[in-house]
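Residue-level listing of the chains:
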Amino acid sequence: MDLENQARIKDLTDKYGKEDLIVVLGGAEAEASGLAAETVATGDPTFAGPLSGVSLGLKAYHMFELKNDVDADIYEAQIGMMEMVLNVEEIIEEVKTYRK
Amino acid sequence: MNYPVVKGAGYALIQANGMLIHHGTTQTSERRKNAEESEHLQKLPKHLRSFEDAVKYPPNQAYIGNITPDDLKNISRPWYENQIDDASRDGKYGEIMPEDEFLGLMKIVDIFDLVVLEEKFQAGVKAKLADHPILAGINKFDNMDKNSSTFDEIQKMVEGHLAVPLYFEGKLVGAVKKAHEFDEALSAHVMFENLVSKASAAYALKLLLAKTGLNTEEVDYIIECSEEACGDMNQRGGGNFAKAIGEICGCINATGSDTRSFCAGPAHAFVEAAALVQSGIYKNVVVLAGGCTAKLGMNSKEHVKKGMPALEDMLGAFAIHIAENDGVNPVIRTDAVGRHRIGSGASPQAVITAIVTDPLDGIGYKITDVGRYSPEMQNPEITEPAGAGDVPQANYKMIAALAVKRGEIARDDMAKAVASFGMPGFAPTQGHIPSGVPFIGHGRDMILAGKIDRAMIIGKGSLFLGRLTNLFDGVSFLIEKNSGTVDAGFDKEIVRQMIGEAMSDFAKTFNAQ
C-alpha cells in the first residue's frame, strides 16, 4: 500500500479513533486490494511504510461491496463500467479475508 | 484535407544493470533507509540478466521490430523462459545496446566534460563504438579521446560527493561530475539523469535517420517529450533537450522544444507535431524521448521475491518522423484527437469516453471500427508480480465495456472484441515510453500492408504525482490508411475556369428568358 496513504490513514485514526472508521478501497486487483486491507488491519506486511508493525484493526471494504449503500446513479456513472472489467468476486473474497 | 503522415519510426533499448543497482529509485531509497541490512540489495545482483538474455527476451524483440505484437501473443509466458535463441540486437526499427557502449555514448553527447571514464574502459568502448554502423560518425565522437581518468581519481570524486558513479558489470568505470558548486538543478545526480536521457534520445534519433533514410538537414523541428527537466536553479525546467539532441545528430536546420505531461507527454507531442506539419509551418517534425534511470528496477523487490529476473533493466527511447502528406504513409486524423478535459471527471468511464469515444463520435466511427488500440503498453510480465495487473489488457477491457454500454457490442462478445483490437504489452516500464508510442512502428507497417485500416494511440498521465493538481491526463490520436490522394490546395486557374463556366451558364439562362 502506498506509503503516503498509510500515513494518512494512521493520522486519521489518531485523530478520530478507530471505532467509527472504515477504509474504502478502490483497487483494481485482488492481491493488491487484499494487501491494502491487511495493512490497515494488522500492519504493513512489507515493512516499508508508517504502518509497519502497527496493528490499527481497521475494517476495509472494497467499493464493490458497498454498491447497495450508495446512490445507484452515482455508482453507475462512476464505477458501473468497471464491474464488467474487473474480477469483482475475487476482489471481494480477498478483501473479506482480512475482516475475519 | 491534407493530414500529416507518420513517415518513419526508430526505437532503442539500452540494458543498464549498473544503473538499475545504483540509480533506480527503489534501490536508492532502500540504500538510504537501511543500506547495511537490506535483504533486497543483497539479493538483487543475483537476479540481473546478461545482455544476451536481454536481447533474446521476446518483448524487447517486439520493441525493436523483429517480431510483431501478434507474434508475441503466440509465445508462451513467462517470456523470460521462452527466449528467442537466434535473436539479434539489430532490429527492423532500432537496436538494443549494452551498458558499456552506452556509457561511451553518454561521454560523446556530454558537451561540458562532466562524464569521466576510466582510461582502459574508455579505450575499449571507443574501439567498440568506432565499429558501430550508426554511431561511428556521430558528432563529438572525438570526446572519446579526451579527459579519461584513473580508477583512484574516479573513486575519490565519488567518495567526495563530487560525482555519481558509473558501473559496468559490477566494476566502477566512471562518474558524472556535478556541473555547479551548489546548484541542485545542476547536481551530479540531475546531470546524470539528463545525460542518460539525452544520450538515449540521440541514439533513437540516429536509428530513425539510419533506418528510414530521413536526411539530417531535412528535420525542421524536434519535440522532446521525456519526463526529465533540464535547467539551473533560476529556471529548473528551462529546457531544451530537443535542440541539444538535434545538435548531436547533425540536424543543423532544426529548432525544437520540450513538451511535458508525465506519461501523456508523447501523445501531446504528436498532436503538436501533426498541427505544425498540417499548418505548413514545418514539413518534417521528429517527436522523440530518451530513457529514465529512476524507474530502472522499480518493481524489482517483487521480482526478486518471486524468483524472477530483474526485468526492468532496459532504458527505452524512440524517435518518430511526422511529415507532410505523401499519399502513401498512414495519416494522423487531426479531426479526431481525444483529450481528457479539465472538466471531464476522473471515473474510468468518463476518462475512456473523453479519450476514446468522443473523438470517434466526431468523425462517425464506432469503437470496433478501430483495428488496434495502443494504450499504455507496459509489459505485463513486469507489472503483474507487483500487483498492478496487466495494464494494456485492463485498458482493452474498459474500451470493450464502454462498447457494451453504448450498445455497439453484446456483453458476451467482450472477450472477442478485446482479442480483436488488443495486443500484449511489450514495452519497458519507463513511464512515457510505453504510453501508446511503441506500437506506432508496428501500426504503420500493419496499415501499409493492409492488415488494419486504423489504430488509436493513447497516452495517459498521472499529473497528481507532481502534487500541483489531482487531475489525470489523457490524449489520443488516430492513425489511418492514406486515401492516396494529396490535396494540391487552391488552384487559381481551376477557380477562374469555374467562374467562367458559371457566368456563361448564367448568360445562357438570361438569354433564354
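Up top is the structure.
Each value, and the rule that gives it
- Residues numbered from 1 in each chain as written.
- Chains lettered and ligands numbered in written order.
- Predicted model: local features only at pLDDT ≥ 70, side-chain atom pairs only at ≥ 80, totals over all residues.
- Heavy atoms only, no water.
- Buried < 20%, exposed > 50% of the residue type's maximum accessible area, 1.4 Å probe, protein only.
- Helix = DSSP H or I, 4+ residues; strand = E, 2+ residues; numbered from the N terminus.
- Arc of directions from axis to C-beta.
- Contact = heavy atoms within 4.5 Å.
- Polar contact = N/O pair within 3.5 Å; in protein donor to acceptor, adjacent residues only side chain to side chain.
- Salt bridge = Lys/Arg side-chain N within 4 Å of Asp/Glu carboxyl O.
- 1 Å grid on protein atoms, 1.4 Å probe; cavity = no way out; pocket = protein on both sides within 12 Å on 5 of 7 lines; lining within 4 Å.
- Points joined across faces, edges and corners; volume = space filled by probe spheres on them.
- Nonpolar A, V, L, I, M, F, W, Y, C, P; charged D, E, K, R; others polar.

Once that is clear, we can look at helix α9 (residues 151–159) of chain B. All names here are of chain B. Along α9, the residues classified as buried are Ile-154, Met-157 and Val-158. For α9, the angular spread of buried residues about the axis comes to 95°, placing them on one side. For α9, the exposed residues set more than 90 degrees away from the buried face come down to Asp-152, Lys-156 and Glu-159. Those residues of α9 that are buried lie in contact with β3 (115–117), β4 (163–168) and β5 (171–177). Just past α9, the residue His-161 takes up positive phi, approximately 60°.

Turning next to the side chain of Asn-60 of chain B. Residues and elements named next belong to chain B. For Asn-60, the location among the structural elements is in helix α5 (residues 58–63). In this structure Asn-60 comes out as buried when scored by relative accessible area, which is 3%. Here Ala-54 takes part through its backbone oxygen, which lies 2.8 Å from a polar atom of the side chain of Asn-60. Discounting chain neighbours no more than four positions away, the residues touching Asn-60 are Leu-13, Arg-49, Ala-54, Ile-96 and Met-314.

Looking now at the pattern of salt bridges. When the charged atoms of two side chains lie near each other, side chains of opposite charge can form a pair. Residues and elements named next belong to chain B. Within this structure, the stated rule accounts for 30 salt bridges over all chains. A salt bridge links Arg-89 to Glu-101; its shortest N-O distance comes to 2.8 Å. Pair noted here: Arg-89 is in the loop between α6 (69–73) and β2 (94–97) and Glu-101 is in helix α7 (residues 99–109), with a separation of 12 residues, a long-range link. Arg-341 is the partner of Asp-358 in a salt bridge, and the nearest nitrogen-oxygen pair spans 4.0 Å.

This paragraph deals with the layout of surface pockets. Residue and element names in this part refer to chain B. Here the second largest pocket defines a volume of roughly 400 Å³. Along the walls of the second largest pocket sit 18 residues, with Phe-112, Met-191, Lys-198, Cys-230 and Ala-244 positioned nearest its centre. At the level of secondary structure, the elements contributing two or more residues to the lining of the second largest pocket comprise α10 (188–212) and α11 (241–248). Top element by residues in the lining of the second largest pocket is α10. It accounts for four residues. Partitioning the lining of the second largest pocket into residue classes produces 11 nonpolar, four polar and three charged.

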